[in-house]
Amino acid sequence: MDQALFYFEKALKINPEHEQALLNSAILIQESGSRNLRKVAYDRLNILLQRKRVNERVYFNLGMLAMDEKNITLAEKWFQKAVQIREDFRSALFNLALLLSEAGRPLEAIPFLHRLLRVRNLES
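What counts, and at which threshold
Residues numbered from 1 in each chain as written. Predicted model: local features only at pLDDT ≥ 70, side-chain atom pairs only at ≥ 80, totals over all residues. Heavy atoms only, no water. Helix = DSSP H or I, 4+ residues; strand = E, 2+ residues; numbered from the N terminus. Buried < 20%, exposed > 50% of the residue type's maximum accessible area, 1.4 Å probe, protein only. Contact = heavy atoms within 4.5 Å. Areas by Shrake-Rupley, 256 points an atom, 1.4 Å probe, with all protein chains shown as cover. UniProt positions renumbered as here; feature names shortened; annotations may be inferred. Expected span 1.5 Å × (residues − 1). Arc of directions from axis to C-beta. Phe/Tyr/Trp six-rings, centres within 6.5 Å; stacked < 30°, edge-to-face > 60°.

From N to C terminus, the protein includes seven helices and zero strands. The principal-axis extent of the C-alpha atoms belonging to the protein is close to 45 × 30 × 25 Å. The burial tally for the protein puts 37% of its 124 residues in the buried class. Long-range pairs, those at least 24 residues apart, make up 43% of the contacts in the protein with a sequence separation of at least 6. When the accessible area of the protein is evaluated, it comes to approximately 7,800 Å², of which 52% is carbon and sulfur surface.

Written out as structure tokens, the structure is:
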């Protein structure tokens, strides 16, 4: 992980707006759970948000960062945006349903679970 982050940093020094380096380094930081680098991940994802073509992974990882910080409202917003862009985004559907269920809103989680099951059945 350290080596991958090192090379992402090198790539971003050459081209600070390289989309894949911004996204993948933010994902790596989020998945590492590093509290010290969380702001860096937010900053990189926010650079991508300013672009016209934002993909669902940007919103999903913003949601994951918000969940890491226990900001349920913000996490819900980002996961919702991710599934609006890609209706079959299994990770976003799962995490949104989990978040709603854990927030004491299990009935609101049901439609997302149904969509998740439909996606899973289509792939089988």
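The discussion continues.
UniProt records the feature "repeat: TPR" (unreviewed entry) for residues 56–89 in the present numbering. Taken end to end, residues 56–89 has its terminal C-alpha atoms 8 Å apart, with 79% of it in helix and 0% in strand.

This part takes up helix H3 (residues 38–49). Compared with the 16 Å implied by 1.5 Å per residue over twelve residues, the 16 Å span of H3 between its first and last C-alpha is a close match. Turning to H3, its buried residues number three or more, namely Arg-38, Ala-41, Tyr-42, Arg-44, Leu-45 and Leu-48. Along the long axis of H3, the arc covered by the buried residues comes to 165 degrees, so they all point the same way. Next to the buried residues of H3 lie helix H1 (2–14), helix H2 (19–32) and helix H4 (56–68).

In this section: the packing of aromatic side chains. Scanning the model with the defined rule gives four aromatic pairs in all. Aromatic side chains Tyr-59 and Trp-78 sit 5.7 Å apart centroid to centroid with 20 degrees between the ring planes, which places their arrangement in the stacked category. Remark: Trp-78 occurs in helix H5 (residues 72–85) and Tyr-59 occurs in helix H4; sequence separation between them is 19 residues. Both residues of the pair, Tyr-59 and Trp-78, count as buried. For the pair Phe-60 and Phe-89, a centre-to-centre distance of 5.2 Å together with 45 degrees between the ring planes defines the contact as tilted. Residue Phe-60 is located in helix H4, and its partner Phe-89 is located in the loop between H5 and helix H6 (90–102); the two are separated by 29 residues in the primary sequence.

Next up on the list: the environment of Glu-17. Mapped onto the elements, Glu-17 comes out in the loop between H1 and H2. As for Glu-17 and Ile-47, which are separated by 30 residues in sequence, their C-alpha atoms are 7.6 Å apart. Ignoring anything within four residues of it in the chain, the contact list for Glu-17 reads Leu-22 and Arg-51.

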